[in-house]
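# Working through the structure, step by step
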Amino acid sequence: MNLLDLSRTIRELRRKQNMTVETLAQQSGFSKGFISQVENFRITPSLKALMRISAALGVTLESLFSGEANNSKPYSFGNLSNGEKLDRDSGEEYGINYQALAFSHIGRKMDPFVIDYVPGPPREFLMHETEEFFILLEGELDYCIYDDSNIKRMLPGDTVYMSANIPHRVILPENCPKAKALVIYSDSDGK
């Protein structure tokens, strides 16, 4: 594989994972500009840089060069302990930690996360361009939809399925020291 093909492979893998240039930059520890230059064949990255980029994409360095990364299997195994920690919507500021579970599955149509909640300031209402399925695994949470007058106290096993573009937020009650949930976001373009 030549270096031009390598840069195209990196861009294609990032896009197949619905990953932005900024996300790949954050997860690999590089600047957004550096990743853009690599993808557009403006610079030749070092082997060490390629190792970090391939790890952030969830593929081996060897598969980047062999082209195997673009021919991924239609399944992937994982474990809750093998998730990729990431900062999503500035969650850490609010005591919310995301762990991506299927980050290494190329071409996925869903994004599952385990989310840990610890005490923090209330978060503003958010909307996503994706549908969302949420199940509380541990603890208690107050799930607010549209505004603070529409609150549902959730207990372990409670679920909510939400269409795209609905304002919502989750609040950890004062009497609960932590909570854990599984959330699955659909592909944003509805595929």
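Notes on the structure follow. Remember, it's a predicted structure, so these values are computed and weren't measured experimentally. (Residues numbered from 1 in each chain as written. Predicted model: local features only at pLDDT ≥ 70, side-chain atom pairs only at ≥ 80, totals over all residues. Heavy atoms only, no water.)

## Thoughts on the nonpolar core
Quick reminder of the rule: Definition of nonpolar core: a set of buried residues of the types Ala, Val, Leu, Ile, Met, Phe, Trp, Tyr and Cys, connected through side-chain atoms within 4.5 Å. Only protein chains enter the calculation, and the probe is 1.4 Å; a residue is then buried if its accessible area is under 20% of its type maximum, exposed if over 50%, and partly exposed in between. Here a strand is any run of E in DSSP of at least two residues, a helix any run of H or I of at least four, and the numbering for each starts at the N terminus. Every residue pair with non-hydrogen atoms within 4.5 Å of one another is taken to be in contact.
Of all hydrophobic cores here, the largest spans 25 residues; its most connected members are Phe 113, Ile 115, Tyr 117, Phe 134, Leu 136, Leu 141 and Tyr 143. Broken down by secondary-structure element, the contributors of at least two residues to this core are β2 (96-100), β3 (110-117), β4 (132-138), β5 (141-145), β7 (159-162) and β9 (179-186). Among the elements that make up this core, the one with the highest residue count is β9 (4 residues). Excluding residues that lie within four positions of it along the chain, Leu 141 makes contacts with Tyr 117, Phe 134, Leu 136, Lys 152, Arg 153, Met 154, Val 170, Ile 171, Leu 172, Pro 173 and Ala 179. The next biggest cluster of nonpolar side chains, apart from the first, holds 19 residues, and it includes Val 38, Leu 50, Ile 53 and Leu 57.

## Overview of a nonpolar patch on the surface
For clarity, the threshold we go by: Candidate patch residues must exceed 30% relative accessible area and have no salt bridge, after which like charges are joined if within 9 Å and Val, Leu, Ile, Met, Phe, Trp or Tyr side chains if within 5 Å. Surface exposure here means Shrake-Rupley accessible area, sampled with a 1.4 Å probe, where a residue is shielded only by the protein chains that are shown. Salt bridge, as used here, is a side-chain nitrogen of Lys or Arg placed within 4 Å of a carboxyl oxygen of Asp or Glu.
A contiguous nonpolar patch, built from Leu 3, Leu 4 and Phe 41 and spanning about 230 Å² of accessible area, is present on the exposed surface. A relative accessible area of 39% places Leu 3 in the partly exposed class.

## Structural notes on the side chain of Gln 99
Heads up, the rule is: Think of a polar contact as two N or O atoms within 3.5 Å of one another; within protein, one of them needs to be a possible hydrogen donor and the other a possible acceptor, and neighboring residues in sequence only count if both atoms come from side chains.
Here Gln 99 lies in strand β2. Taking the relative accessible area as the measure of exposure, Gln 99 reaches 19% and is therefore buried. Here the side chain of Gln 99 touches Leu 80 through a polar contact of 3.1 Å, landing on its backbone oxygen. In contact with Gln 99, not counting residues within four places along its chain, are Leu 80, Ser 81, Asn 82, Gly 83, Glu 84, Lys 85, Pro 112, Phe 113 and Val 114.

## Here we look at the sheet that holds strand β1 (residues 84-86)
To keep it simple, the criterion reads: A pair of strands is treated as paired once DSSP finds two or more bridges between them. Every angle, taken between N-to-C directions, lies between 0 and 180 degrees, and every axis is a line fitted to C-alpha atoms, over only the stretch in contact when it is a helix.
Reading across from one edge, β1-β2-β3-β9-β4-β7 is the order of the 6 strands in this open sheet, with antiparallel pairing throughout. Of all the strands in the sheet, just β1 and β7 have a single pairing partner and so form its edges. Ignoring strand direction, the axes of neighbouring strands in this sheet form an average angle of 25°. In this structure, β3 lies alongside β9, joined through 8 bridges in antiparallel fashion. Looking at the pairing, Asp 116 lines up with Lys 180 of β9.

## Digging into helix α2 (residues 21-28)
Each α-helix turn comprises 3.6 residues. Residues three or four places apart therefore point the same way. So the rule is basically this: The reported arc concerns the directions from the helix axis to the C-beta atoms and nothing else.
Three or more residues of α2 are buried, namely Val 21, Leu 24, Ala 25 and Ser 28. Across the axial projection of α2, the buried residues extend over an arc of 100°, all falling on one side. Residues of α2 that are buried sit in contact with α1 (3-16), α3 (32-39) and α4 (47-57). In the stretch just after α2, Gly 29 is the one whose phi turns positive, near 85°.

The values reported here are purely geometric and, on their own, carry no functional implication.
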